[in-house]
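# Structural features, examined
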Amino acid sequence: MARWCYRHRLVVLLLWVGALFGLGFSASAAGTNYANVFSLPDTDSKSAYDLMEKAFPNTSGDTDTVVWKVDQGSAKDQAVRSRIQPALDKIAKMPGVGAVTSPYAGAQGAAQVSGDGKIAYAQLTFAKPANEVPKELVQDVLDTAQGAERSGLEVELGGQAIQRVQEPPQGLSEMVGIVAAAAVLFLAFGSFFAMTLPIAIAIFGVGTGLFSTQLLSHVTDIPDIAPLLASLIGLGVGIDYALFIVTRHRRGIQKGMDPEEAAVTALNTSGRAVLFAGGTVCIALAGMLVTRLRFLDGVVIGTSLTVVLSVLAATTLLPALLGLLGPRVLGRRQRRRLAENGPETESTSNLSARWSMNVQKRPRRIAVLALAVMAVLALPVLSLRLGATDQGNDDSSSTTRKAYDLLADGFGPGFNGPLQVVTDAGDTTALVKGIQGTEGVAKVVALPPAQGVTVIQVVPTTSPQSKETDDLIDTLRDDVIPQADVTAHVGGVTAVSKDFATVTGERLPLFIATIIGLGFLLLLVAFRSLVVPLTAALMNLIAAAASFGVLVAIFQWGWGLELLGLGKEGPINAFLPVIMLSLLFGLSMDYQVFLVSRMHEEWVHTRDNARAVRVGLAETSRVINSAALIMVCVFMAFVLSGDSGAAMAGVGLAAAVALDAFILRTALVPAAMHLLGNSNWWLPEWLEKRLPHLAVEPKEDGETGEANASSTAADGPASAVHGFVRSPDGDAVEGAAVTVLSKGGRQLDRVTTLADGSYIVSVPGPGAYLLAVTSAAHGSRARHVMVADGPLVYDVELAEDEVDAVN
């Protein structure tokens with residue numbers, strides 16, 4: 001497939017461009033129809049909602065609020081009325097505005113003025129739900145209302161429709177994330193063209209995913225936060241997957257391969273790993289379905305579709321783009337060096353090699369330090385409280401937050417989240433009296449019955465997000481309503497949010513067990529070990545606890561909220577743990593597979609756990625950290641989205657990825673594997689026979705020479721010789737060529753020592769071989785070595801005039 005896409009690159013590119021613009025045109029013509037379905041079956045708030053829908057079937061339009069405050073006098077003064085009422089009349093005449101309820105409309109409007117007379121409000125009802133109201137109409141309403149302001153008279157507006165026009169321009173967070181990722185990619189590649197490849201893949205994957213999700217919103221319930229989360233995860237995985245493939249492709253060209261063969265090899269190795277990783281992320285996202293929360297079904301659809309299209313772009317569009325660029329995927333300096341010096345040998349950065357050696361020397365100290373850091377960050381999770389954010393959590397400079405605060409000041413904190421006690425049982429006198437006498441209730445109003453249903457508006461004394469309001473809902477349900485001897489249900493936005501958080505909390509353990517169990521099985525099959533997947537499961541739980549600790553400290557305790565411009569502290573969105581755990585599981589699985597697969601390859605060759613862990617970490621840590629840095633930049637950019645849920649998810653995922661990559665995968669995991677020793681790779685024989693074989697990433701031809709060597713083995717299984725090449729002073733000799741030859745002088749394998757001086761060469765089986773070592777700073781020397789049943793550890797000391805074998 002990669003070869004076909006490479007050779008038919010213009011066709012592939014035109015197909016993707018046509019798909020992107022075709023879906024974009026269709027989505028623009030169809031519009032959006034996102035719907036937040038928080039109601040849950042078998043909950044009290046859902047029963048209340050069903051009764052209210054029966055009594056008031058035509059209340060689909062969004063209701064927003066105009067609030068004003070005077071510094072002196074009263075909001076009822078003629079001077080204030082003469083400025084506000086004309087603005088309300090003008091708003092009422094706008095096409096798309098259904099009705100405006102003014103506080104100046106007779107005795108009924110008196111309730112819309114605060115007790116001290118300083119604050120008043122008017123309610124305006126649009127003809128359509130908030131997501132269907134044209135932004136131009138909402139902006140006209142906002143401008144008309146605030147046009148009545150003067151010195152001493154403040155006018156603010158609140159509501160979902162108003163909130164939509166207060167958000168930053170759509171796509172701002174995505175653009176900032178892409179620019180930040182581009183800067184990291186340019187530093188990593190040193191080539192403008194190579195930098196643009198992952199960005200292009202992410203744009204095509206996310207673009208087609210978002211347009212497809214928008215079209216699907218017309219046939220199924222998809223929440224309005226789904227496209228934000230889809231673009232967040234799509235940008236992250238799209239750039240990272242392309243990064244892995246482009247890195248392998250560039251390495252192939254630098255080793256002297258033809259660009260087409262390098263592209264085919266990259267897709268047939270890293271491309272397979274991308275397919276595995278993308279499938280893992282989709283399976284993790286689908287794990288949200290076990291919670292049976294309808295709100296999350298649309299999130300699963302949007303995010304999974306975007307990940308699938310990002311993987312498809314990385315495995316089809318990327319080889320086509322590589323074909324268009326050819327050798328220009330390397331920078332000018334790299335192309336010039338390749339032409340002058342010939343093919344390069346792969347080497348590990350000195351920093352990565354030194355860090356890997358330090359982890360091997362001090363595994364216990366590093367493990368304890370990493371665990372201590374994660375434990376401190378995880379401490380705040382003990383006070384985690386799930387709930388829902390509202391406009392009280394908006395930035396303090398926004399008009400929605402100011403309107404929220406004005407209503408709370410004038411009419412009490414509970415005014416922004418009234419409860420509805422709904423009943424169709426007839427006489428409600430005893431129920432109203434019981435509610436009035438309940439502690440925590442500020443105001444009770446029984447509305448006239450409609451269709452046999454009575455709605456009792458209950459205004460709490462505390463804010464919608466406070467624990468006291470949650471306790472009041474429990475008191476009404478468990479004590480007040482049963483004592484009144486009627487069948488009634490407590491509903492309203494606050495009650496729905498409470499029920500949603502309760503149900504989510506109850507189903508969270510099942511969800512965690514599902515995705516952890518799934519990850520265990522995948523890694524068990526991939527690495528044929530019981531300890532590696534157990535370690536990975538534990539690390540996932542540690543990363544989740546620490547990232548939620550960071551979330552609680554920032555969003556629930558308010559640490560740094562003002563600095564980040566993220567509004568006011570409050571509970572953690574109830575749906576966030578499920579979404580974050582799904583994404584964290586999928587992304588950390590990518591890093592775990594990338595890290596441990598290299599360690600597993602060394603273990604299979606040498607049966608030396610210390611070397612396997614050291615080499616695996618040295619060769620993968622740089623790519624893992626680069627990929628993680630890109631994801632952190634993309635996720636943190638969603639702080640600018642204007643959506644508190646997306647900002648919370650962005651900060652949480654950025655913290656999770658940073659902690660997972662920079663602390664767990666590059667410190668705690670390798671340190672733990674050094675401490676566990678050979679038990680890392682233990683698997684009972686009976687289980688080994690029953691497990692299917694899964695190769696996550698096949699070897700490149702000639703990568704180690706093992707395939708050729710194995711084919712010549714006649715007297716035993718393939719084996720290896722490995723060790724260090726050092727100078728007389730004990731310094732590592734990097735870049736030395738190590739060649740192993742048969743007794744007849746035929747070359748069996750050839751490698752170059754890494755930054756720490758380590759090497760590994762493959763031999764067909766037990767026997768005598770010739771090991772030759774050549775360094776630019778030393779003469780060529782050779783030694784005979786005898787390989788027994790297992791791998792041979794053979795260290796070499798190089799000097800100017802002699803070669804000593806130290807073993």
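These numbers were taken from a predicted model, which means no experiment stands behind them. (Residues numbered from 1 in each chain as written. Predicted model: local features only at pLDDT ≥ 70, side-chain atom pairs only at ≥ 80, totals over all residues. Heavy atoms only, no water.)

### Section: the packing of helix α16 (residues 429–436) against helix α17 (residues 467–484)
Running from N to C, α16 and α17 cross one another at 140°; their axes reach a closest spacing of 8 Å. Regarding the angle of α16 to α17, the classification is oblique. For the pair α16 and α17, the sense of crossing is right-handed. Contact residues: α16 offers A430, L431, G434 and I435, while α17 offers L476, V480, I481 and A484. In terms of residue class, the contact of α16 with α17 is built from seven nonpolar, one polar and no charged. (Axes fitted to C-alpha atoms, helices over the stretch in contact; angles between N-to-C directions. Helix = DSSP H or I, 4+ residues; strand = E, 2+ residues; numbered from the N terminus. Parallel < 35°, antiparallel > 145°, perpendicular 65-115°, else oblique. Left-handed = near helix turned anticlockwise from the far one by under 90°. Contact = heavy atoms within 4.5 Å. Nonpolar A, V, L, I, M, F, W, Y, C, P; charged D, E, K, R; others polar.)

### Observations concerning unusual backbone geometry
If you check the backbone angles, Q451 has positive phi at about 55° while not being a glycine. Mapping Q451 onto the fold places it in the loop between β7 (441–446) and β8 (454–460). In this structure Q451 comes out as exposed when scored by relative accessible area, which is 59%. Unusually for a residue other than glycine, D485 sits at a positive phi of about 60°. Of the residues examined, D485 reaches a relative accessible area of 68% and is grouped as exposed. (Buried < 20%, exposed > 50% of the residue type's maximum accessible area, 1.4 Å probe, protein only.)

### Quick word on helix α22 (residues 609–636)
A bend of about 45° at T620 is the largest found in α22. Across the 28 residues of α22, 21 count as buried, placing the element largely inside the fold. By the N-cap criterion, in which a side-chain oxygen at the helix start approaches the backbone nitrogen of a residue two or three places on, α22 is capped by D608, the distance to A610 being 3.1 Å. (Bend = angle between axes of the 7 residues up to and from the residue. Polar contact = N/O pair within 3.5 Å; in protein donor to acceptor, adjacent residues only side chain to side chain.)

### A few points about the pattern of salt bridges
Counted under the stated rule, the structure contains 13 salt bridges. Between E260 and R7 there is a salt bridge, with its nearest N and O atoms 2.7 Å apart. Of this pair, E260 sits in helix α10 (residues 259–286) while R7 sits in helix α1 (residues 2–7); the two residues are 253 residues apart in sequence, bridging distant segments of the chain. For E260, a relative accessible area of 15% gives the class buried. As a salt-bridge pair, K498 and D474 come within 3.3 Å of each other at their nearest N and O atoms. Of the two residues, K498 sits in helix α18 (residues 493–527) while D474 sits in helix α17, which places them 24 residues apart along the sequence. Given a relative accessible area of 14%, K498 falls into the buried group. (Salt bridge = Lys/Arg side-chain N within 4 Å of Asp/Glu carboxyl O.)

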